[in-house]
Protein chains: 2
Amino acid sequence: MADLPELTVQGWGPSSSRVATVADREDGAGPDDGVLELVPDSGDVLPRAARRHLSRELGWTPRSTPPVPVRDIALAPPRLPGLMRARFVALLGEDAVADDRLTRLTHAGGKSYLDLLRRRSGDASDAPDAVLFPGSTEDVAAVLRTCSEHGVVVVPFGGGTSVVGGLAGTDADDRPVVALDLRRMASVRSVDVPSSLVTVGAGMRGPALEEALSSEGLTFGHLPQSWEFASLGGYAATRSAGQSSTGVGRFSDLVAGLTLATPSGVLELGSAPASAAGPDLLGLALGSEGTLGVITDLRLRVRPKPRSTRYEGWSFRSWAAGLAALQRLARHDLLPDVVRLSDPDETRANLRNAAGVGARALRGTLRARRRGDGCLLVVGWEGLPTIVRARRSAASSVLRDGGAVRLGRRVGESWARHRFAAPYLRDRLLDTGLLVETLETAATWTALPTVYDAVRRALRDALTTPGRRPLVMTHVSHGYPTGASLYVTVLADRDDDLPLQQWLTAKRAATDALLAAGGTLTHHHAVGVDHRPWLAQEIGPLGVDVLRTVKQRLDPQGICNPGVLLPD
Amino acid sequence: MADLPELTVQGWGPSSSRVATVADREDGAGPDDGVLELVPDSGDVLPRAARRHLSRELGWTPRSTPPVPVRDIALAPPRLPGLMRARFVALLGEDAVADDRLTRLTHAGGKSYLDLLRRRSGDASDAPDAVLFPGSTEDVAAVLRTCSEHGVVVVPFGGGTSVVGGLAGTDADDRPVVALDLRRMASVRSVDVPSSLVTVGAGMRGPALEEALSSEGLTFGHLPQSWEFASLGGYAATRSAGQSSTGVGRFSDLVAGLTLATPSGVLELGSAPASAAGPDLLGLALGSEGTLGVITDLRLRVRPKPRSTRYEGWSFRSWAAGLAALQRLARHDLLPDVVRLSDPDETRANLRNAAGVGARALRGTLRARRRGDGCLLVVGWEGLPTIVRARRSAASSVLRDGGAVRLGRRVGESWARHRFAAPYLRDRLLDTGLLVETLETAATWTALPTVYDAVRRALRDALTTPGRRPLVMTHVSHGYPTGASLYVTVLADRDDDLPLQQWLTAKRAATDALLAAGGTLTHHHAVGVDHRPWLAQEIGPLGVDVLRTVKQRLDPQGICNPGVLLPD
């Protein structure tokens, strides 16, 4: 396993060391009390006041619910036949085939609340029997052919950051499973600066790509919350969206081409800059979640590093006023590159948890203007200074016309500093007896308010019991000309007896509600296992059948990530 | 056939009446000598000097080669069995089933040079046996089921403007053929102003859509040269691009959803504003060219009418300098909404043919600056005045840095006035013994110069004979961050003995050359019959197989536009 970067055992142990890593990189030497911190610093999980408040609001009793230590996990022996293991060693080399306990555990499942609950309880039943580390498209193609021939399931493993069970599919035939970890295929193969294109291995991660591009004065700019861990191939396989996607575009918008290795052969898809040569097969590979094969190479659009970057905060009196203003911006093509509008519940929680001198000042400002907490909007502009100036000025007029008040740059910069922090916070909240999960959808501007109401109502109804009720916080995270996404965070007192059922019931109610109200099944989390039962509602039974037909052609033995995406 | 708009018998007769129609609508009362006219007015096909020059340059002898009159076309009797005809009448009504001579002739083939040559020679072998005019998605679905059951081929007919033989497929089993003309499905069904979405019947045409949107202060903005005739469903089926696509986006970028009726059922595809629910099936319907079914309804993104519109001309000394400047604009996201850079040959022809006082002044200006003809760039900006101002100012700096000289608004406005005129001019040039055809491709900025050279060389080599050589004129018509499209117009003395072979040889050479140099098979003309032999080169044999598999699922009897898109 030499030369492979260390993989953190996420979800198993305490995550404070990772919080420190983030703080170091993002903030420099240490926290600066003069700035506004929209998430708590790493000392306490929650400021005492917030903890008291949450306890009162949720009916939650803070308690210690630590995960089972790694050493106590019972892991079934690897089921890969010796002959198969030998074949893989012959194909890839001894170093590229691992079935030791730690490697298998660190390739088990993803990061959904359900994944974490299982893992924390000591359930490692979704661990693969072995992990392979191929070094090339040819390696991957050979592995897929071999596995197809001998009935071995292949689960591609990127960063392990799926939050919809993308790594937790169940094979109906219960065949042995290998995880395919592409971390050895993680280099920049070529950079075409005039065409703003780079070709990279699909196992590369965002930070390494940004570092490689930096010396050319370029950036990629895809920044989802999973940025530190997720692989570029994983983004492609799940139609990811990042925090700047409103301006930069979704990940799929940035893919000019890719290589998809399948059990039936290798597809080279995409013709830059554009083609009218028939249906879009590139779009069929994007979002295929490992069910058609493995994405091994990507040709991505990059751009010059922005010369000007500006984040700032605004405040609306109400959610309706905020949505109306964003809709007007969208209609006139004036949306900033980053847009994040928090509803009153999320705004209140953010302000309550915010630390530092800046936070006190902000709370004072809002009080003085008699605005209450209202709804916080974080916006960001990036690009050439003159263009940013013109866009920002035009957008500011629309925001002011819509009743918004500018809060200044500290709010926006605090958000930018902590943009990757929430998952760390979640791990620690889970230690204290809380249910913490997120879900997301998107809807047209017209349907958005209805979808918002429907999801909140469904979650509240499902998670309210005598003496307990959930906190449901929502923000708009991506704007489009025709609508926007909603990102919902749920906190509740965990049902210690039936924690999985508690969330499954709530999730089912929320999904039914958002689809009925006109929302999409998922805006950027993908389908995985969790959204599978509703796929036919989104694309129709015939649409599902078309996908099955394509899978049958490319993966006739059904070895590629079975149990994911396609309903049974 | 009451209530159906009149259909012009294009390509059969003289087209001067249509030229007059365009002139009326675009120019008002009549030509204005004070403005610059980049195409000749309707009096003569070519100014005498241009005709003399072309004659010398091409080795072309102007001669009269009129089309066979409509009355002299021999048309085989309709082959649709009486029982089938009766079934269609029972399904759709007597008025919606036509097999009279004129209706069949007006639904024969498209507008490629090969289509026109055949039609002008009196060959109507590609005329359908009957034309059906369904009124709803249910009608279309019922027709497709019936045709699938009884072995009748269905060719969807939009505006009949395909230039790649999209209506000229040959059925291997030689079954009877019905054309499906959706002109009765041509209304706006709903407008969602806040979400910038309209739902329309696929038979609607661009002008009617713009008229319907105008009262809401909206525009769609898709303006290909076929705009007056092509249907919205046709744009979707062929992945069309329009003259403002650099800014507005390709047609496929503007489709939020669509209904695809297939022999196996109806698909409702697309989830606005965005979804991560698996592979993109909407992208599979777009560009399917009638081979998977018939697009019956479209949900399209519209936008507010631009408050500011500005077209202007610039001049570069060389093609290389022009490309370099556009590439720099693209890289910094500064491309104007309309971009059209003509190479020296096209610029020279435009200036030579330009009429009016303005043209003389322009020629004088260029001479005075000792620039020769150089390369003409037409750019257009649309949108909010402050944003247009900032973008235009930043772009102008880049253009000036790249050595361009501003020519002012008259050049740009003349282009905008005549943006739909070229096809009319072509019909009349065909009457004088000329070969006139266009082809197009796209490539990354890095590959673009090589592709340009390769296509020109291939066309010149193929069309040069003793005493004769072609004129090959090229422009960039659409810019992207990663590359641009090339649009090539070819004029040559027609080989009166073997006109089809003359062009087929040249087209084959050009296509081989552009693919070898890294160009895409087609940027916006689609595949049709003409590009079919090269599809596997663009998407691979396995890619073609995936499309075949999808077709087999949706159209098991292969009745949907056979002989088009998919190679045998």
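Residue numbers restart at each chain and count upward from 1, following the sequence in its written direction. Labels follow written order: the first chain is A, the first ligand is 1, and so on. Since the coordinates come from a predicted model, pLDDT governs what is reported: local features require at least 70, and pairs of side-chain atoms require 80 or more to be given and counted, while whole-chain, interface and lining totals use all residues. Here the side-chain values reflect all heavy atoms present in the structure, with hydrogen atoms and water set aside.

**Q** When you look at the overall build of chain A in this model, what are you seeing that I'm missing?
**A** When you go through chain A residue by residue, the secondary structure sums to 19 helices and 18 strands. Overall, chain A is about 75 × 55 × 50 Å in size when its C-alpha atoms are taken along their principal axes. Remark: exposure states derive from per-residue accessible area (1.4 Å probe, protein chains only) relative to the maximum for the residue type, with buried under 20%, exposed over 50%, and partly exposed in between. By the burial criterion, 64% of the 568 residues in chain A qualify as buried. Working rule for contacts: check all heavy atoms of both residues, and any pair within 4.5 Å makes them a contact. Across chain A, every contact between residues at least 6 apart in sequence was considered, and the portion connecting residues at least 24 apart equals 78%. Where the 66 positive side-chain charges of chain A centre and where its 63 negative ones centre are 8 Å apart. In this description a helix means any DSSP run of H or I spanning at least four residues, a strand means any run of E spanning at least two, and both kinds are numbered starting from the N terminus. The charge count treats Lys and Arg as positive and Asp and Glu as negative. His and the chain ends do not count. Charge positions are represented by NZ for Lys, CZ for Arg, CG for Asp and CD for Glu.

**Q** Would you take a moment to explain the relation of the copies chain B and chain A for this structure?
**A** Two chain copies, one operation linking them: a rotation about an axis together with a shift along it. When the copies are overlaid, the least-squares fit takes in C-alpha atoms only where the residue has pLDDT of at least 70 in both copies. For the pair chain B and chain A, the superposition axis carries a translation of 0.0 Å, the fit reaches an RMSD of 0.0 Å, and the rotation angle comes to 180°. Look at the turn and shift together and you get a two-fold axis relating the two.

**Q** I tried to follow the interface of chain B and chain A on my own but got confused; where do I start?
**A** Accessible area lost upon the coming together of the parts serves often as the stated size of an interface. With 79 residues of chain B in contact, the opposing surface of chain A contributes 79 residues. Buried area is understood as the total, over both parts, of accessible area removed when two parts are fitted together, assessed with a 1.4 Å probe. Counting each side, the surface lost to burial between chain B and chain A is near 6,100 Å², with a carbon and sulfur contribution of 65%. We define a salt bridge as a side-chain nitrogen of Lys or Arg found within 4 Å of a carboxyl oxygen belonging to Asp or Glu. Across the contact surface, chain B and chain A share two salt bridges. The shortest N-O distance in the salt bridge between Asp545(A) and Arg553(B) comes to 2.7 Å.

**Q** Can you walk me through the pairing of strand E8 (residues 255-262) of chain B in this structure?
**A** Residue and element names in this part refer to chain B. In terms of burial, E8 is largely enclosed, as eight of its eight residues are buried. By the convention used here, strands pair only if DSSP detects at least 2 bridges between them. Across six bridges, E8 lies against strand E10 (residues 294-301) in antiparallel orientation. Pairing of Thr-259 across the sheet is with Asp-297, part of E10. The pairing of E8 with strand E9 (residues 265-269) spans five bridges and is antiparallel. Counterpart to Ala-261 in the pairing with E9 is Val-266. Counted between consecutive antiparallel strands, the loop separating E8 from E9 contains two residues.

**Q** Honestly, the packing of helix H19 (residues 535-554) of chain A against helix H19 (residues 535-554) of chain B in this entry has me stumped. Any pointers?
**A** The relative placement of two packed helices is expressed as an angle between their axes plus a distance between the axes. In this analysis, axes come from line fits to C-alpha atoms, helices being fitted only over the stretch in contact, and the angle between any two N-to-C directions falls in the range 0 to 180 degrees. Axis separation between H19(A) and H19(B) bottoms out at 9 Å; the angle between their running directions is 140°. By the angle class used here, H19(A) and H19(B) are oblique. Here H19(A) runs over H19(B); the crossing is right-handed. Where H19(A) abuts H19(B), its residues Leu542(A), Asp545(A), Val546(A), Thr549(A), Val550(A), Arg553(A) and Leu554(A) lie against Leu542(B), Asp545(B), Val546(B), Thr549(B), Val550(B), Arg553(B) and Leu554(B). Residues are grouped as follows: nonpolar covers Ala, Val, Leu, Ile, Met, Phe, Trp, Tyr, Cys and Pro; charged covers Asp, Glu, Lys and Arg; every other residue, Gly included, is treated as polar. The class makeup of the residues in the contact of H19(A) with H19(B) is eight nonpolar, two polar and four charged. Here roughly perpendicular refers to angles of 65 to 115 degrees, roughly parallel to angles under 35, roughly antiparallel to angles over 145, and oblique to all remaining angles. In this scheme the handedness of a crossing depends on how the near helix is turned from the far one: anticlockwise by less than a right angle means left-handed, clockwise means right-handed.

**Q** Can you help me understand the confidence of the model for chain A in this one?
**A** Caution is warranted with low-pLDDT regions, since their predicted coordinates should not be read in detail. Residue and element names in this part refer to chain A. Residue-level confidence of the predictor, termed pLDDT, takes values from 0 up to 100. Mean pLDDT for chain A: 90, with 91% of residues reaching 70 or above. Within the model, the stretch residues 1-35 combines pLDDT values under 50 with 63 contacts to residues more than four positions away or in other chains. Ignoring residues within four places in sequence, the model shows residues 39-43, a span with pLDDT below 50, making ten contacts including any to other chains. Both confidence scores are given for the complex: pTM 0.93, ipTM 0.92.

**Q** What exactly am I supposed to notice about unusual backbone geometry here?
**A** With the exception of glycine, the majority of residues adopt a negative phi angle, and the majority of peptide bonds are in the trans configuration. Cis geometry is found at the peptide bond from Ala272(A) to Pro273(A), where omega equals 0°. Residue placement: Pro273(A) occurs in the loop between strand E9 (265-269) and helix H10 (282-285). The phi dihedral of Asp333(A) is positive, around 60°, even though this residue is not glycine. Position of Asp333(A) relative to the elements: it lies in the loop between helix H11 (319-331) and strand E13 (338-342). Residue Arg239(B) is not a glycine yet carries a positive backbone phi of 55°. Among the secondary structure elements, Arg239(B) is positioned in the loop between helix H8 (232-238) and helix H9 (245-248).

**Q** How should the environment of Val191(A) be read in this particular structure?
**A** Along the chain, Val191(A) falls in strand E5 (residues 188-192). Non-local contacts of Val191(A), meaning those with residues more than four positions away in its chain, are made with Leu197(A), Val198(A) and Leu218(A).

**Q** Before we go on, may I ask you to explain the pattern of salt bridges in this structure?
**A** Pairs may arise between side chains of opposite charge once their charged atoms sit close together. Residues and elements named next belong to chain A. All chains considered together, the criterion is met by 58 salt bridges over all chains. Between Arg-460 and Asp-345 there is a salt bridge, with its nearest N and O atoms 3.9 Å apart. Taken together, the residues span a long stretch of sequence, with Arg-460 in helix H17 (residues 448-463) and Asp-345 in helix H12 (residues 344-353) at a distance of 115 residues. Assessed through its relative accessible area of 37%, Arg-460 is described here as partly exposed.

**Q** Explain a positive patch on the surface here, please?
**A** Residues and elements named next belong to chain A. A grouping of Arg-48, Arg-51, Arg-52, Arg-56 and Arg-352 is seen on the molecular surface, where their side chains present a positively charged patch. Looking at the positive patch, the element that brings in the most residues is helix H2 (residues 48-58), giving four residues. Tracing the backbone through its elements, the reader meets Arg-48 in helix H2. With a relative accessible area of 66%, Arg-48 lands in the exposed category. Exposure above 30% relative accessible area and the absence of a salt bridge qualify a residue for a patch, where like charges join within 9 Å and nonpolar side chains (Val, Leu, Ile, Met, Phe, Trp, Tyr) within 5 Å. Shrake-Rupley sampling with a 1.4 Å probe provides the accessible areas, and residues are treated as covered by the protein chains on show and by no other component.

**Q** Could you clarify how one ought to interpret the sheet that holds strand E4 (residues 177-181) of chain A in this entry?
**A** The strands making up a sheet associate through hydrogen bonds between their backbones, and the pairing can be parallel or antiparallel. All names here are of chain A. Read across the open sheet, the four strands follow the order E1-E2-E4-E3; overall the sheet is mixed. Bordering the open sheet on either side are strand E1 (97-98) and strand E3 (153-157), each of which pairs with just one other strand. Pairing of E3 with E4 involves five bridges; the strand directions are parallel. Its bridge partner being in E4, Val-153 is matched across the sheet by Val-177.

**Q** Whenever I open this one, the packing of helix H3 (residues 82-92) of chain A against helix H6 (residues 137-150) of chain A confuses me. Can you help?
**A** Residue and element names in this part refer to chain A. At a closest axis distance of 10 Å, the pairing of H3 and H6 adopts a crossing angle of 160°. Considering their axes alone, H3 and H6 lie roughly antiparallel with respect to each other. Between H3 and H6 the crossing geometry is right-handed. Judged by residue contacts, Met-84, Arg-87, Phe-88, Leu-91 and Leu-92 of H3 engage Asp-139, Ala-142, Val-143, Thr-146, Cys-147 and His-150 from H6. Considered class by class, the residues forming the contact of H3 with H6 number seven nonpolar, two polar and two charged.

**Q** Even after reading the chapter, I still don't get the side chain of Gln243(A), so can you show me in this structure?
**A** For Gln243(A), the location among the structural elements is in the loop between helix H8 (232-238) and helix H9 (245-248). Filtering out sequence-adjacent residues up to four positions away, Gln243(A) remains in contact with Leu223(A), Pro224(A), Gln225(A), Asp337(A), Val338(A), Trp415(A), Arg419(A), Phe420(A) and His478(A).

**Q** Looking at this structure, how should I read the sheet that holds strand E15 (residues 405-408) of chain A?
**A** Residue and element names in this part refer to chain A. Here we have seven strands laid out as an open sheet, ordered E15-E12-E14-E13-E17-E18-E16, and antiparallel in their pairing. This sheet does not close on itself; its edge strands, each paired only once, are E15 and strand E16 (434-444). In this sheet, neighbouring strand axes are inclined to one another by 20° on average, regardless of whether the strands run parallel or antiparallel. By the bridge criterion, seven bridges tie strand E17 (residues 471-479) to strand E18 (residues 483-493) in an arrangement that is antiparallel. Looking at E18, one finds that Met-473 is bridged to Thr-489.

**Q** Please explain the packing of aromatic side chains as it appears in this structure.
**A** Aromatic ring pairs: the centre-centre distance and the angle between the two ring planes describe each pair. All names here are of chain A. Here is the rule: rings of Phe, Tyr and Trp (six-membered ring for Trp) pair when centre to centre is within 6.5 Å. Planes less than 30 degrees apart are stacked, more than 60 are edge-to-face, and the remainder are tilted. One pass over the structure, following the stated rule, counts ten aromatic pairs over all chains. Summarising the aromatic geometry, the rings of Tyr-113 and Trp-503 are spaced 6.4 Å apart at their centres and angled 85° between planes, so their arrangement reads as edge-to-face. Of this pair, Tyr-113 sits in helix H5 (residues 113-120) while Trp-503 sits in helix H18 (residues 499-516); the two residues are 390 residues apart in sequence, bridging distant segments of the chain. Assessed through its relative accessible area of 0%, Tyr-113 is described here as buried. Ring centres of Tyr-235 and Phe-251 lie 5.3 Å apart, and the angle between their planes is 50°; this geometry places the pair in the tilted category. Here Tyr-235 is found in helix H8, whereas its partner Phe-251 is found in the loop between H9 and strand E8 (255-262), with 16 residues between them in sequence. No difference in accessibility class separates Tyr-235 from Phe-251, as the two residues are buried.

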